[in-house]
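Listed below, chain by chain, are the residues.
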Amino acid sequence: MNIIICIKQVPDTAEVKINPETGTLIREGVPSIINPFDLHAIEAGLQIKEKVGGRVSVLTMGPPQAENALREALSMGADEAILLTDRVFAGSDTWATSYTLSKAISKIGADIIICGKQAIDGDTAQVGPEMAEFLNIPHVSYIRKIEEITENSIRLQRLMDEGYDIVESTLPVLLTVVKELNEPRLPSLRGKMAARNAEIKKWGPPDIGADENNLGLRGSPTQVKNIFAPEARSEKRILEGRPEEQVDALIQELKEFKCL
Amino acid sequence: MSVIVNVDKCTGCEECLASCPFDAIVIKEGRAFVNEYCQVCMACITVCPEGAIIEVEGEESKGRDIHGFKGVWIFAEQRGGKIAPVAYELLGAGRKLADELQTELSAVLFGTSEEGDRELIKWGADRVYLSQDPIFEKFNDEPYSQLLSSLIREHRPEIVLAGATPIGRSFIPRVAARLRTGLTADCISLAIDKTSGNLLQIRPAFGGNIMAIILCPNNRPQMATVRPRVMKRGEYNENKEGEIIQVKAEGLTSRTKVLETIKEASDITVNLQEAEIIVSGGRGLGDPKGFRLLEQLAELLGGAIGASRGAVDAGWISYSHQIGQTGKTVCPKIYLACGISGAVQHLVGMQSSDIIIAINKNPKAPIFNVATFGIVGDVYEIVPLLIKKIKEVREG
Ligand SMILES: Cc1cc2nc3c(=O)[nH]c(=O)nc-3n(C[C@H](O)[C@H](O)[C@H](O)COP(=O)(O)OP(=O)(O)OC[C@H]3O[C@@H](n4cnc5c(N)ncnc54)[C@H](O)[C@@H]3O)c2cc1C
Ligand SMILES: Nc1ncnc2c1ncn2[C@@H]1O[C@H](COP(=O)(O)O)[C@@H](O)[C@H]1O
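Residue positions are given per chain, counted from 1 along the sequence in the order it is written. The naming scheme follows written order: chains are lettered A onward, ligands numbered 1 onward. This being a predicted model, a pLDDT of at least 70 is required before a residue's local features are given, and a value of 80 or more before pairs of side-chain atoms are given or counted; all residues contribute to the totals for chains, interfaces and linings. Only hydrogens and water are set aside when side-chain values are computed; all heavy atoms of the structure are taken into account.

1. Comments concerning the overall build of chain A
Right, so step 1: Helix and strand definitions follow DSSP, with helices as H or I runs of at least four residues and strands as E runs of at least two, each counted in order from the N terminus. Of the regular secondary structure elements, chain A holds 8 helices and 15 strands.
Right, so step 2: With the C-alpha coordinates of chain A rotated into their principal frame, the extents come out at 65 × 45 × 40 Å.
Right, so step 3: When a residue's accessible area, from a 1.4 Å probe over protein chains only, is under 20% of the maximum for its type it is buried; when over 50% it is exposed; and in between it is partly exposed. In chain A, which comprises 260 residues, the proportion classed as buried is 55%.
Right, so step 4: Sequence separation of at least 24 residues holds for 71% of the intrachain contacts in chain A that already meet a minimum separation of 6.
Right, so step 5: Here the Shrake-Rupley method, with its probe set to 1.4 Å, supplies the accessible areas, and only the displayed protein chains count as covering residues. Of the roughly 11,200 Å² that chain A leaves accessible, carbon and sulfur atoms contribute 47%.
Right, so step 6: This count recognises Lys and Arg as positive and Asp and Glu as negative, with His and chain-terminal groups excluded. Where a charge sits is defined by one atom per residue type, namely NZ (Lys), CZ (Arg), CG (Asp) or CD (Glu). Computing the positive centroid from 30 side-chain charges and the negative centroid from 39, chain A places the two 3 Å apart. Contacts are assigned to residue pairs with any non-hydrogen atoms lying within 4.5 Å of each other.

Set out below in structure tokens:
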């Protein structure tokens, strides 16, 4: 079974702060991490390999320092790592990102491709399904359990609003996973040692046979026009007094809003 | 399009550096230089006192033919034969956009619905494209995206909106990929740019730390998924007329198959995303029994139970109740946060609620920054009192 995991290096959004004067992100000192959902994707890939055999490749598109994310994945047990890096990839939106990644996936070849449900920087959750369309394969989103895998099919639980669906798909397939699926393992010491010197393949546009018109800013249909800090809510009131008084004041307000 | 610095005008004053949200401007040899991290957000252009930063055409994604695209479409999602409430919200938002563009509003419905397709017209649609093919009874991404793509190719709407629900967010990206157009996820506000006529799509990013306005200037249709419960429904008009067009679902295939749909009915949970009142608990409850207390209050108010990740990770309540970045996004009339500190990852899931009430022991808890009404106090003291007083009010 050839398994490819798509991972993204992201700033830890829990640490991102806004400069209140300029309304811009303060990124200094914000650590870069593997997108938390992608850790679950890696774990899922490793578990599939342990069960049915195969090879796990991790793939990322990003700046040169994204290599660190790949080494971390290798230390968890992935067999191979590929970094797509080139200036022309910069500024990619989800369309250009999924085009680029799908080109690399076609080159590697895969039976199962696993992505996180969404990346915590953009929160779009679009790259996985868009890639599946480029690759002309089925996808199933929000996987919370992998029930069974055979040579040419897979049975899954897909998380939905009011419960879950049991879905069967042919292979090859692309999955996006939620955190309930598993508990990502920590890198072993041996894994860390091996990952330190492991070779990381670096590919640019010619290596994946990509059309430059579809890459980076130029290939991206969407543009960020503007960025601003979210507005603080205007009406804010702390209800003072003893508990009785606080609750009475709240009840009064709720009545005014016709909520009671 | 790209942003460059006119080096003859640049004085190296560094004013522009702080304006860039992407750290994309650096000073080289005493002059500003825009590097490859630039996302062409234009924030720096107005900041430069010399007018040295300019936007230049060229090297642009090849302007595709965007003429001849007309009309606003919304995808009306049905689940188990019921039209999802977000469909009516989309009709409200879509109607406004269509009126502003002086064009028509159409709804697309796959599968059958109890309410009937006429209902979509009464809520604002001029036209409904309907396919009742049995393939749409259960949700599979491929047939949904195949038929929607081919309808869009045939009728060429300029805007297509869908709900940012599990279904919309799963299959709409395939449609956008296939049509080679942009898709903006999880928008919370939409408007038309007066000068260009482009759709301005506003959404949170970086875990809700910032808001971004996204454009899709050179490709059509402009596509967006819209977060449920943020757009207002439009006017309901019993007498509104409209056209229903039956579309043929030919040649659709699916390599996935839904074998079973399992509803996880927990005690009093209604669908969190559709609840009008949510009573939510965090690690401050101290133990799982706290949720029994909150359930009493929720039951009294006819609301649903939410939770922070702190409470879910502690094992006090199941993940399906989690609200926030890695849980659900909700927008009820009233959100009551009990013993929740208000971490940004929690806030992004609930801060567009109409009224936020926070009960927390710590007056410095960040939840008070977003609370309409804040009570500094102990949950175990305040909530029982609240239950008692609400009962008194009810009993008159
Ligand atoms: C990538 C990432 C994603 C995340 N996604 C989410 C998400 O989706 N949803 C989410 O909620 N969190 C999420 N988090 C976690 C988030 O950062 C916080 O850790 C979490 O929300 C804290 O939960 P809490 O407020 O219940 O607990 P705490 O932060 O421990 O707060 C408990 C609060 O209760 C108060 N308190 C204690 N006792 C009482 C009492 N008796 N009466 C009244 N008040 C009391 C305390 O003053 C305190 O403010 C995420 C984190 C990361 C890194
Ligand atoms: N640049 C990237 N490189 C590799 N994988 C990515 C990249 N961007 C997104 N992905 C994958 O797509 C998923 C969804 O990302 P997004 O659509 O950005 O929310 C992530 O969890 C990753 O698995």
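2. Observations regarding helix H8 (residues 243-256) of chain A
Right, so step 1: Across its 14 residues, H8 of chain A extends 20 Å between first and last C-alpha, which sits within 8% of the 20 Å expected from 1.5 Å per residue.
Right, so step 2: Looking at H8 of chain A, one finds that the buried residues are Gln246, Val247, Leu250, Ile251, Glu253 and Leu254 of chain A. Buried residues in H8 of chain A, looked at end-on, bunch into an arc of 160°, giving them a common side.
Right, so step 3: Contacts from the buried residues of H8 of chain A go to strand S15 (237-238) of chain A together with strand S20 (334-338), strand S21 (355-360), strand S22 (373-376) and helix H8 (379-394) of chain B.
Right, so step 4: Directly beyond the C-terminal end of H8 of chain A, a positive phi value near 55° is found at lysine 258 of chain A. Given the number of residues in a helix, its expected span is that number minus one, multiplied by 1.5 Å. Directions are taken from the helix axis to each C-beta atom, and the arc is the one they span.

3. Brief notes about the pattern of salt bridges
Right, so step 1: Criterion for a salt bridge: a side-chain nitrogen of Lys or Arg within 4 Å of a carboxyl oxygen of Asp or Glu. Taken as a whole and assessed by the stated rule, the structure comprises 33 salt bridges over all chains.
Right, so step 2: Glutamate 147 of chain A is the partner of arginine 155 of chain A in a salt bridge, and the nearest nitrogen-oxygen pair spans 2.8 Å.
Right, so step 3: The class of arginine 155 of chain A is partly exposed, set by a relative accessible area of 25%.
Right, so step 4: Between aspartate 186 of chain B and arginine 169 of chain B there is a salt bridge whose closest N-O contact spans 3.8 Å. With aspartate 186 of chain B in strand S11 (residues 183-187) and arginine 169 of chain B in helix H4 (residues 166-179), this residue pair connects regions lying 17 residues apart in the sequence.
Right, so step 5: Connected through shared salt-bridge partners, Arg95, Asp99, Asp126 and Lys240 of chain B make up one network.

4. Considering the site of ligand 1
Residue and element names in this part refer to chain B.
Right, so step 1: Definition of nearness: a residue and a molecule or strand are near each other if at least one heavy atom of the residue lies within 4 Å of the molecule or strand. Around ligand 1 sit 25 residues in total, of which Arg283, Ser308, Thr326, Ser341 and Asn360 are the nearest.
Right, so step 2: Pairs of N or O atoms are called polar contacts if they sit within 3.5 Å, as long as, within protein, a hydrogen donor faces a hydrogen acceptor (for residues adjacent in sequence, only side-chain-to-side-chain pairs). Glycine 327 places a main-chain nitrogen or oxygen 3.3 Å from an oxygen atom of ligand 1.
Right, so step 3: In the model, an oxygen atom of ligand 1 is placed 2.7 Å from a nitrogen or oxygen of the serine 341 side chain.
Right, so step 4: In the complex, the protein chains occlude 81% of the 1,000 Å² of accessible area that ligand 1 would expose alone.

5. Let's talk about the interface of chain A and chain B
Right, so step 1: Taken together, the 88 residues of chain A in the interface contact 101 residues of chain B.
Right, so step 2: Approximately 8,800 Å² of surface area, both sides summed, lies buried where chain A meets chain B, with 56% of it carried by carbon and sulfur atoms.
Right, so step 3: Applying the counting criterion to the chain A and chain B interface returns 6 salt bridges.
Right, so step 4: Here lysine 389 of chain B and glutamate 244 of chain A are joined by a salt bridge, their closest N and O atoms 2.9 Å apart.
Right, so step 5: Where chain A touches chain B, the interface holds 37 residue pairs in polar contact (both at pLDDT 80 or more).
Right, so step 6: Residue contributions to the side of chain A that touches chain B peak at 10 residues, all from H8 of chain A.
Right, so step 7: All residues other than Ala, Val, Leu, Ile, Met, Phe, Trp, Tyr, Cys, Pro, Asp, Glu, Lys and Arg, Gly among them, are scored as polar; the first ten of these are nonpolar and the last four charged. In the side of chain A that touches chain B, the residues fall into 39 nonpolar, 24 polar and 25 charged. Buried area: the accessible surface (1.4 Å probe) lost by two parts on joining, summed over both.

6. Focus on the packing of aromatic side chains
Right, so step 1: Between 30 and 60 degrees the pair is tilted, below 30 it is stacked and above 60 it is edge-to-face, where a pair is any two Phe, Tyr or Trp rings, Trp via its six-membered ring, whose centres lie within 6.5 Å. Counted by the stated rule, this structure contains 15 aromatic pairs over all chains.
Right, so step 2: Considering the side-chain rings of tryptophan 95 of chain A and phenylalanine 134 of chain A, the 5.1 Å spacing of their centres and the 85° angle between planes classify their relative orientation as edge-to-face. One end of the pair, tryptophan 95 of chain A, is in helix H3 (residues 94-108); the other, phenylalanine 134 of chain A, is in helix H4 (residues 127-135), and 39 residues separate them in sequence.
Right, so step 3: Of the residues examined, tryptophan 95 of chain A reaches a relative accessible area of 4% and is grouped as buried.
Right, so step 4: The class for phenylalanine 134 of chain A is partly exposed, based on a relative accessible area of 27%.
Right, so step 5: Ring geometry for phenylalanine 75 of chain B and phenylalanine 171 of chain B: centres 5.1 Å apart, planes at 65°, overall edge-to-face. Residue phenylalanine 75 of chain B is found in strand S5 (residues 72-76), and its partner phenylalanine 171 of chain B is found in helix H4; the two are separated by 96 residues along the sequence.
Right, so step 6: On the accessibility criterion, phenylalanine 75 of chain B (3% relative accessible area) is buried.
Right, so step 7: Two thresholds decide whether a charge sits over a ring: the Lys NZ or Arg CZ must be within 6 Å of the ring centre and within 35 degrees of the ring normal. Stacked on the ring of phenylalanine 33 of chain B, the Lys or Arg lysine 28 of chain B has its end atom at 4.0 Å from the ring centre.
Right, so step 8: The ring of tryptophan 123 of chain B carries the charged tip of arginine 233 of chain B above its face, separated from the ring centre by 5.1 Å.

7. A few points about the site of ligand 2
Residue and element names in this part refer to chain A.
Right, so step 1: Taken together, the neighbourhood of ligand 2 is formed by 18 residues, with Cys6, Asp38, Ala119, Thr124 and Ala125 sitting nearest.
Right, so step 2: Contact between ligand 2 and alanine 119: an oxygen atom at 2.7 Å from a main-chain N or O atom of the residue.
Right, so step 3: Here an oxygen atom of ligand 2 and a backbone polar atom of glutamine 126 are 2.9 Å apart.
Right, so step 4: Within the complex, the protein chains bury 97% of what would otherwise be the 480 Å² of accessible surface of ligand 2.
Right, so step 5: Secondary-structure elements contributing two or more residues to the shell around ligand 2 are strand S6 (55-61), H3 and strand S8 (112-116).
Right, so step 6: Element by element, the count of residues in the shell around ligand 2 is highest for S6, at 3 residues.
Right, so step 7: Of the residues in the shell around ligand 2, the class split is 9 nonpolar, 7 polar and 2 charged.

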